[in-house]
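Coordinates in review
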Amino acid sequence: MEVNRQLIALPQLKDFINYDPVTIRPDLHIIDAINLMNGGTDKTSNYVLVVEAEQLIGILTAQDILRLMSLGIDLCQTSVGDVMITNMVTIQQSEIEDINAVLFIIQQHDIQHLPIVDHQNKLLGIITTASLWRAFDVLKMFGVITALQQHLAGLSVDLSPHNELDQIRCQTHDILQQWIEQKSQQLLVINQELQQTIEELQIIEEEIRQQNEQLAITREKLELERQRYQDLFEFAPHGYLVTDKTGIIQECNQATAALLAIKPEYIVGKPLIVFIAPADRHNFMSRLMNLQNLQDWELEIQPRTGQLIPASVRVAGIYNHQGELTGWRWLICNISQRKLIEFELRQAREDLEQRVRERTAELVAVNEHLQQEIIERQCIEQELIRSEGKFRYFTENINAVIWFGRVNANENMYVNPAYEKIWGRSCQSLNEDPNSWIEAIHPEDVHLIWEKLEQEKQGNATNLEYRIIKPDGSLRWIWERSFPIQDEQGNMYCYGGIAEDITERKQAEQKISEQAALLDIATDAIFVRDFENRILFWNQGAEKVYGWSKQEIGNKNVNEVFYNHLITQPEEIALSTVIETGVWQGELRKFTKNKQEILVESRWTLMSDDGGQPKSILTVDRDITESKLLEEQFFRTQRLESIGTLAGGISHDLNNVLTPIITAAQILKTRNNKNEERQQQLLNIIETNAKRGAALVKQVLSFARGFKGERTIVQIRHLIMEIVQIGRQIFPKSIDLVTEIQENLSPVCGDSTQLHQVLMNLVVNARDAMPEGGKLTISAKNLYIDEAYGKMNLDAKIGNHTVITVQDTGIGMSPEILERIFEPFFTTKELGTGTGLGLSTVLGIVRSHDGFLTVNSQIGEGSKFQIFLPAVAAPIEEETDNLEMLQGQGELILLVDDESYIQDVTKMILERYNYRTLSASNGIEAIALYAQHQQEVSAVLMDIMMPEMNGDNAISALRKMNSQLPIMACTGLNTTEVLQPVVQYVEAVLAKPFTAKDLLQNLHQILQTTSLA
């Protein structure tokens, strides 16, 4: 029979699969899973699948929940991921063949849930036993089985073993029947289990319902607590934050947003460290990595505004049920106000401590002061006792009257015993009659006493001198000073005074007045100055010499009176000498009131006070200006005599100089001389002899004319070499000139012309003493003259000296002649050959230089003159011989000279060394050329002696045109008369004949000085 198709139609596989299973995240709690089982979908479920990122990771069933409840696990605090079953059976969709395979897997593993996943373990659905039972209708299955059994029974009689198809059907019938029986039994068992499970689920459902009610109540409480916590969290005055364990902000309250000046939604998700000040970030990270328990510390927050805010931070860790750190809770408090208060408190505390210290110091100081005052008062009391004793001792032993009294009350309070000695009256008589002392006043001075008493009544101090007559009739001078004595309120309660006997002083003043009158009679200038250069005394002789009256001189400064405010070097030497030795004597140049320069012979004496301390300098000046002029004329006359004596030698030497010049010039004129080396040799001969002749003329002219005697530093070595040079040129060859000069010979301060004259006179005398020839020795050495040597020679002074010795091997002198050689006009020479002034002149010059002279001579053995001059220190002279000639910079130089040869040579020199030139033959031409080229001319070289308009007039005119124009005077006569009118108007003086080096060096110097100025 045919099987009913409707009865045997089995459900398809898609009917068993639930493609929308119940799922949950692993981080949710178990209570959330129970809620999903009860109402997560349209129908309840006894399972939930745990899914993360669409990947199936576990399953939680109702049986698992019952088991957890029996273990007492808190369903509200335990997460699903902690209790889910991860070791579960799944099936991939590709492995599902038919329902039989599914049933086989469920039966094999004894499971009720079979999740379906793809090859990437992504959840697609689930097959449960419950869905199978819903898909299979048990009654329908029994009908199918019965129908199959009936159908197979009807077919069995027709089957034939010989029929292959029938055999297959029989086999199928057996298998199917066996399967059906097996499945029927399984279904019955399953049905029973299902009924039991349903009953258990109903019980569980009731329990879950009860638990849900309890959970609802708990949830409501939790919601209330959460809301309360949220309100506390949101409205807290301090900032609250929740971060994960890496510091990422998960949640924050309004206070935090206000503190950071950012909306809350922009804060969440950002690292907390970005809001920490950069300086505290390293410390923050170190603490964050090391924190385990609640910690507090302070740091600075950097809000959006950028201004740092000091904050206090408290941190607490958040842990899961396994004790693992999952995050942090932060409490951040703005402590700006607290910091400000702390700062103010600290300032207040420091101020208070400072005040306490100051007050303590004040108290200590006051205490010390009080202690000191107590000690001082005790000392004062003791001192008063001692002072009173001293005062009594002082007043009783002083040689002056000390008195105290009340003027208005006419009462004598105290008078010391000196009253009896000075007034010659007893103190008792004064106490009995306070006005008795007035009886001794000289009648002519009584009115002074009454005026004094009137002043005292008015409270004024008095100071007067008067005379008294003692009982023995003697007259005494009294100097009395009185003064008012006031009490603590400033009221005068008595008067005091002191009266001294100044009779001896008055007598001394009278004597001094008489002496001053005698000083005024003296013609010499006598004055006294202190060490501040103020003039204290000025006699009438000083008024006559210097033109300043005693009233005009007042307390004027010495430098202002004598030196136009500029102290000279001789003045400094004199001052240091008088301070060191007590006396000084020498010559000084000073100015009178009308600015006229005079030469004085000055003697200084150091004055000391009673204690032996220097207090002033007494100076006596004598005007020797005219006598010096006469002396200069006398010396010049004597020099002319020496020149006359040497004239023959000079002419002979000049002929020797001119001969090679003339012959060499003649040879150079010949045309046959083409040898350049020979020409150069001849030119050298001409130059050498020309210089030799110029030097000889210069020396003779300088010696004959002389210059005004200026004291300068003189190198004796150079002076001797000049004398030797002249002697070798003009003395006979039979005289052997020898020099012996010590190394490092000290210079002297003097007049080089006069010293030159001294040596010249001595060597001329030595030459005259050796008519047959001989040896003339000039030597010089340093010598220190001590006290013993000074005693042996009265003219000698202690100190360093330079000794010049002139010794000959001539005829010598007898003792009679030796005694008279320094007498003026005494001579042993023939009439007409000498004036007898040579050696007297030598002696006068040496003494004017503070030196002395000694002579030794014997008949037939020659003579020896030794000159002793005070030595001085001098700076080292620089060698200038090797200086290179300096090139010009194209400057235009105006040359003015009436000699065309000199003009041409000078022009050649200047143009060769890079200068440009303009030439004029006299002063008029020079002024005209300068007027045309005034802006170009850099300097003027002016000859002094010229026709039409001489040099000094031309220089004066040029100065009026340009006061800053550099001018160099040029002259062949270096005399005072020639140079005096122009020396103050020119920058340099060039003496003829001159060399190219002299010209260029002087010109370069004045140009450089002008450019610097």
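Described below are features of the structure shown in this document. Keep in mind it's a predicted model, so treat the numbers as computed, not measured.

Quick look at the overall build of the chain now. Check the secondary structure of the chain and you find 31 helices and 34 strands. For the chain, buried positions account for 37% of its 1013 residues. Excluding contacts between residues fewer than 6 apart, the proportion of contacts in the chain whose partners are at least 24 apart in sequence is 58%. Of the roughly 59800 Å² of accessible surface on the chain, 52% is carried by carbon and sulfur atoms.

What follows is about the packing of aromatic side chains. Scanning all chains against the criterion turns up ten aromatic pairs. Ring geometry for F527 versus W538: centroids 5.7 Å apart, planes at 40°, classification tilted. Separated by eleven residues along the polypeptide, F527 in strand β18 (residues 525–529) and W538 in strand β19 (residues 535–538) bring together distant segments of the chain. Look at W538 and F562: their rings are 6.2 Å apart centre to centre, the planes differ by 25°, and that puts the pair in the stacked class. Residue W538 is found in strand β19, and its partner F562 is found in helix α18 (residues 558–562); the two are separated by 24 residues along the sequence. With respect to class, W538 is no different from F562; both count as buried. One aromatic cluster is present, formed by F527, W538, Y546 and F562 through successive ring pairs. Cation over ring: K590 sits above F562, and NZ or CZ is 4.4 Å from the ring centre. The residue whose ring lies beneath K593 is W548, and the NZ or CZ to ring-centre distance is 5.6 Å.

Moving on, we come to the side chain of D64. Within the secondary structure layout, D64 lies in helix α2 (residues 62–70). On the basis of relative accessibility, which here comes to 8%, the residue D64 falls in the buried class. Ignoring any residue separated from it by four or fewer positions in sequence, one finds D64 in contact with I59 and I85.

Within the largest apolar cluster, 39 residues are counted, with the highest numbers of intra-cluster contacts made by I720, L762, V763, L776, F865 and I867. For this core, the elements supplying multiple residues, two or more each, are α22 (716–730), β24 (735–741), α23 (752–768), β26 (774–785), β27 (799–808), α26 (838–848), β28 (852–858) and β29 (862–870). Among the elements that line this core, the one with the most residues is α23, at eight residues. When neighbours within four sequence positions are excluded, F865 is seen to be in contact with L762, I804, T805, V806, M813, I821, L839, L853, T854 and V855.

Further remarks concern the packing of helix α28 (residues 923–932) against helix α29 (residues 951–961). Where α28 meets α29, the closest approach of the two axes is 9 Å, and the angle between their N-to-C directions is 15°. As far as their axial angle goes, α29 and α28 are roughly parallel. Where α28 crosses over α29, the two elements pack in a sense that is right-handed. Mapping the contact onto sequence places G923, I927, Y930 and A931 in α28 and A954, A957, L958 and M961 in α29.

With respect to the element layout, T305 can be found in the loop between β10 (295–301) and β11 (309–319). We classify T305 as exposed; its relative accessible area is 63%. For the pair T305 and I262, spaced 43 residues apart in the sequence, the C-alpha separation amounts to 9.4 Å.

Rules behind the numbers
Residues numbered from 1 in each chain as written. Predicted model: local features only at pLDDT ≥ 70, side-chain atom pairs only at ≥ 80, totals over all residues. Heavy atoms only, no water. Helix = DSSP H or I, 4+ residues; strand = E, 2+ residues; numbered from the N terminus. Buried < 20%, exposed > 50% of the residue type's maximum accessible area, 1.4 Å probe, protein only. Contact = heavy atoms within 4.5 Å. Areas by Shrake-Rupley, 256 points an atom, 1.4 Å probe, with all protein chains shown as cover. Phe/Tyr/Trp six-rings, centres within 6.5 Å; stacked < 30°, edge-to-face > 60°. Lys NZ or Arg CZ within 6 Å of the ring centre and 35° of its normal. Core = buried A, V, L, I, M, F, W, Y, C linked by side-chain atoms within 4.5 Å. Axes fitted to C-alpha atoms, helices over the stretch in contact; angles between N-to-C directions. Parallel < 35°, antiparallel > 145°, perpendicular 65-115°, else oblique. Left-handed = near helix turned anticlockwise from the far one by under 90°.

Honestly, it's all geometry; don't read function into it.
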